[in-house]
Amino acid sequence: MEQGDMEKNDKAATTDEPQLNYRGIKAMPFVIGNETFEKLGTIGTSTNLLVYLTTVFNMSSITATLLINIFNGTTNFATLLGAFLCDTYFGRYNTLGFASVASFLGMLVLCLTAAIAKLHPPHCGTKEIGNCPGPTPWQMAFLLSSLGLLVVGAGGIRPCNLAFGADQFNPNTESGKRGTSSFFNWYYFTYTFAMMVSLTFIVYVQSNLSWAWGLAIPTFLMLLSCVLFFVGTRIYVILKPEGSPLASMVQVIVAAVKKRQLKLPEQPWLSLFNHISTSTINSKLPYTDQFRFLDKAAIITPDDQVKSDGSAANPWRLCSMQQVEQVKCLMRVIPIWVSASIYYVVIVQQQTYVVFQALQFDRRLGNTNFTIPAASYIIFTMLALTIWIPVYDRIIVPTLRRFTGKEGGITVLQKMGVGMVLAIITMLVSALIEERRRTLAITKPVGIDPRRGAISSLSGMWLLPQLSLVGLSEAFTLVGEVEFYYKQFPENMRSIGGSFLFVGIALSSYFSSFLVSVIHRTTSGAATGQWLPEDLNKGRLDYFYYLIAAIEVLNLGYFLICAKWYKYKGSDTSVQEVDMGKMQSEKEKPLV
């Protein structure tokens, strides 16, 4: 059987015989089921947490917002620590198991703060927040302990779940490669489905029926997530951690600096140190001519000694070419990551200012008196994404594959680029719609919001084009980025690669806040008036959208330069790249 033959050559499986049995399709329901229930349990709660803190814990809006910002920021950056511990010590299976239990305990403690009267302040009724009794120190400590457990859970789950799911497929077979690509698409499909359910049903129960029941439901779903994960244990391919990948990369930099005065040989792939450990899970990488200064870390000098097993006696002075190439992989990814982080600014705007826009649209549903909640319009982004991904995965990709011969139809970077173009179109459409909304709000209002001003006669359904476009943009760029990190990071750093996504989102949120703050200050005395006031009819939100579109155009140009310069990991299409493994077999001797 072809797959079995190729699996015998799988580097990841050489260290542990049971890992030869790849059962990606059988493992997918457990991995994706775990992820879906986890998101159903935590997303609805985290998005509605601001309301919970102000209504149940009687916090002021400023205090609650500050706490939520710290919580979200800490959660995103915790993925870096979680990824490091996963790749270095615990492995993805153990990290996911521990983190899933931590998330369940965090949800349970949060549920108790709503269900038990003594664990939250007394109900305030119709009084103003300033006159309501706030939480006692021990009530606050109980609340913070639940948030702390949720941070631990998210810090372990977010960077590991995708990599763990992809581990279930053999990367050396055609079916395994197709399965991995399909897994990434279906993963995001179920993620979006979970968000839609959480932001509608669970949020409705919490806000309109009972906080105790509204938190008990996601707690139960999180318990199901844990159970489903552990039930599939016998099926999983479980890769063992290889040690600290970051330490290995630091060693390459230190060794290169120590040997910076040495001259590189003309054919480095023939003379540089290239020991390959038999226990490594990393695939062999061909030599690349980018970042050549790092090659000096693999120059053998009279002072360097080699152990009997072929490894360097002092890894801080001598590193193998495989280690050097792994550092090059990381350094090549960083420019793409910067561009992706700037791209997320568009996503942030469609999740924040769209809500403010919706408040001044005519949100009545047809001729009925039912008014669509402003925050619910974001559902259309997820709906567009949910519909598009299966169509793309099952219809468009096979069609593109016949023309391009590529597994995913187009390359990962091409997929990301398409999403960035759609992001620019999204901001242009958003600006045009906002300009129309503002004009009709001034000339033909249908009502007055006492806090924000005139409500436009333009239907809120005009938000659908921009929200649908941003959903399609995410389907290309976000899904492509996830796949890009998994495939381009060394195998022992894939969890850290997964955390790059969340750190990028965190940075884009901070950048968006900085951008809003700067625009708010600089336009206060402008002739056009302040762009972002409380009443959007008195501002120029459309100008702000045009500005973001301009930033994204520059970012697209930067991305295209980076994409053209980028060399995919393991690529041997360039004449300047030589497969060091082949060179070694041809010479029939080690390259030392």
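Calculation notes
Residues numbered from 1 in each chain as written. Predicted model: local features only at pLDDT ≥ 70, side-chain atom pairs only at ≥ 80, totals over all residues. Heavy atoms only, no water. Helix = DSSP H or I, 4+ residues; strand = E, 2+ residues; numbered from the N terminus. Buried < 20%, exposed > 50% of the residue type's maximum accessible area, 1.4 Å probe, protein only. Contact = heavy atoms within 4.5 Å. Areas by Shrake-Rupley, 256 points an atom, 1.4 Å probe, with all protein chains shown as cover. Salt bridge = Lys/Arg side-chain N within 4 Å of Asp/Glu carboxyl O. Lys, Arg positive; Asp, Glu negative; His and termini not counted. Expected span 1.5 Å × (residues − 1). Phe/Tyr/Trp six-rings, centres within 6.5 Å; stacked < 30°, edge-to-face > 60°. Lys NZ or Arg CZ within 6 Å of the ring centre and 35° of its normal. Core = buried A, V, L, I, M, F, W, Y, C linked by side-chain atoms within 4.5 Å. Axes fitted to C-alpha atoms, helices over the stretch in contact; angles between N-to-C directions. Parallel < 35°, antiparallel > 145°, perpendicular 65-115°, else oblique. Left-handed = near helix turned anticlockwise from the far one by under 90°. Nonpolar A, V, L, I, M, F, W, Y, C, P; charged D, E, K, R; others polar. Patch = residues over 30% accessible without salt bridge, like charges linked within 9 Å, V, L, I, M, F, W, Y side chains within 5 Å. pLDDT = per-residue confidence, 0-100. Bend = angle between axes of the 7 residues up to and from the residue. Polar contact = N/O pair within 3.5 Å; in protein donor to acceptor, adjacent residues only side chain to side chain.

Student: Describe the overall build of the chain, naming the residues involved and giving the relevant values.
Tutor: In terms of helices and strands, the chain carries 16 helices and two strands. Going through the 592 residues of the chain one by one, you find that 54% of them count as buried. Contacts in the chain between residues at least 24 apart in sequence constitute 81% of all its contacts with a sequence separation of at least 6. A total of about 26,500 Å² of accessible surface is found on the chain, and carbon and sulfur atoms cover 65% of it.

Student: Give me the lowdown on the pattern of salt bridges, citing residues and values where you can.
Tutor: Tallied over the full model, the rule gives four salt bridges. We note a salt bridge from R437 to E434, for which the minimum N-O separation is 2.9 Å. With R437 and E434 both in helix α12 (residues 412-443) and three residues apart, this pair spans about one turn of that helix. Overlapping salt bridges, with partners in common, bring together D295, E325 and K328 in one network.

Student: Describe the side chain of E552, naming the residues involved and giving the relevant values.
Tutor: With respect to the helices, strands and loops of the structure, E552 is situated in helix α15 (residues 541-565). No salt bridge is formed by the buried E552. Its closest oppositely charged neighbour is K415, at 19 Å. In contact with E552, not counting residues within four places along its chain, are I342, Y343, V345, V346 and I424.

Student: Run through α15, naming residues and quoting values.
Tutor: A rise of 1.5 Å per residue sets the reference length of α15, with its 25 residues, at 36 Å; its end C-alpha atoms lie 36 Å apart and thus fit the reference within 8%. L541, D542, F544, Y545, I548, A549, E552, N555, L556, F559 and C562 are the residues of α15 that are buried.

Student: Can you lay out the packing of aromatic side chains for me, pointing to particular residues and giving the numbers?
Tutor: Using the criterion set out here, one finds eight aromatic pairs in the structure. Centroid distance Y89 to F90: 6.2 Å. Interplanar angle 55°. Geometry classified as tilted. In this structure Y89 comes out as exposed when scored by relative accessible area, which is 53%. Consider the rings of W388 and F476, whose centres lie 5.9 Å apart with planes at 45°: the pair is tilted. With a gap of 88 residues between them, W388 in helix α11 (residues 379-404) and F476 in helix α13 (residues 464-488) connect regions that are remote in the sequence. Through a chain of ring-to-ring contacts, three or more aromatic side chains come together here, namely Y93, F229 and F230. Across from the ring centre of Y543, 4.3 Å away, lies the NZ or CZ of R540, which sits over that ring.

Student: Before we move on, could you go through unusual backbone geometry and cite the residues and values that matter?
Tutor: In the Ramachandran plot, F291 falls in the positive-phi region, its phi being about 50° despite a non-glycine side chain. The topology assignment puts F291 in the loop between α9 (268-271) and α10 (321-359).

Student: Please set out the nonpolar core residue by residue, giving values where relevant.
Tutor: If you look at the biggest cluster of nonpolar residues, it comprises 83 residues, and the most contacted ones within it are F183, Y236, I336, M416, F484, Y485 and F544. Beyond its immediate sequence surroundings of up to four residues, Y236 is in contact with A27, F30, V31, Y93, F164, Q168, L228 and F229. F104, L110, L215 and C226 belong to the second-largest nonpolar core, a separate cluster that totals 23 residues.

Student: Break down the packing of α12 against α13 for me, with residues and values.
Tutor: One way to put it is that α12 packs onto α13 with a least axis distance of 8 Å and a crossing angle of 160°. As summarised for this structure, α12 and α13 are arranged roughly antiparallel, according to the angle between their axes. Regarding α12 and α13, the two cross each other, and that crossing is left-handed. In terms of residue class, the contact of α12 with α13 is built from 16 nonpolar, seven polar and three charged.

Student: Explain the environment of L463 to me, using residue names and the numbers behind them.
Tutor: Within the secondary structure layout, L463 lies in the loop between β2 (453-456) and α13. A residue is classified by how much of its surface remains accessible, and L463, at 0% relative accessible area, is buried. L463 sits 113 residues away from Q350 along the chain, and the two C-alpha atoms are 9.9 Å apart. Apart from the residues lying within four places of it in its own chain, the contact partners of L463 are V354, Q357, A358, F361 and Y377.

Student: How would you summarise the packing of α12 against α15 if you had to cite specific residues and measurements?
Tutor: Packing of α12 against α15 leaves a shortest axis separation of 8 Å and a crossing angle of 165°. With respect to α15, the axis of α12 lies roughly antiparallel. The handedness of the crossing between α12 and α15 is left-handed. Partitioned by chemical class, the residues of the contact of α12 with α15 number 18 nonpolar, three polar and four charged.

Student: How would you sum up a nonpolar patch on the surface? Please name residues and give values.
Tutor: A grouping of V101, L105, L108, L112, I116 and F230 is seen on the molecular surface, where their side chains present a nonpolar patch of about 430 Å² in accessible area. The leading source of residues in the nonpolar patch is helix α4 (residues 61-115), at four residues.

Student: Can you lay out the confidence of the model for the chain for me, pointing to particular residues and giving the numbers?
Tutor: Detailed reading of the predicted coordinates is not advisable wherever pLDDT falls low. When pLDDT is averaged across the chain, the result is 75; 79% of the residues are at 70 or more. Per-residue pLDDT, averaged within each element of the chain, yields its smallest value for helix α16 (residues 580-587) (38) and its largest for α15 (90). Overall, residues 1-20 carries pLDDT values under 50, and its contacts beyond four positions in sequence, including any with other chains, amount to 38 contacts. In the model, residues 572-592 has pLDDT below 50 throughout and makes 39 contacts with residues more than four positions away in sequence or in other chains.

Student: Break down α13 for me, citing the residues and quoting the values.
Tutor: When the terminal C-alpha atoms of α13 are compared, their 35 Å separation across 25 residues agrees well with the 36 Å that a helix rising 1.5 Å per residue should span. Helix geometry: α13 is bent most strongly at E474, by close to 30°.

Student: Please provide a residue-by-residue account of the environment of K259, values included.
Tutor: Its place among the elements puts K259 in the loop between α8 (245-258) and α9. Residue classification places K259 among the buried residues on the basis of a relative accessible area of 3%. Between the alpha carbons of K259 and I299 there is a distance of 8.0 Å; along the sequence they are 40 residues apart. Beyond its immediate sequence surroundings of up to four residues, K259 is in contact with K296, A297, I299, T301, D304, R317 and L318. Within the local environment of K259, its side chain forms a polar contact with the backbone oxygen of I299, the two atoms lying 2.6 Å apart.

Student: Break down the environment of L464 for me, citing the residues and quoting the values.
Tutor: With respect to the helices and strands, the residue L464 is situated in helix α13. Overall, L464 belongs to the partly exposed group, its relative accessible area being 23%.

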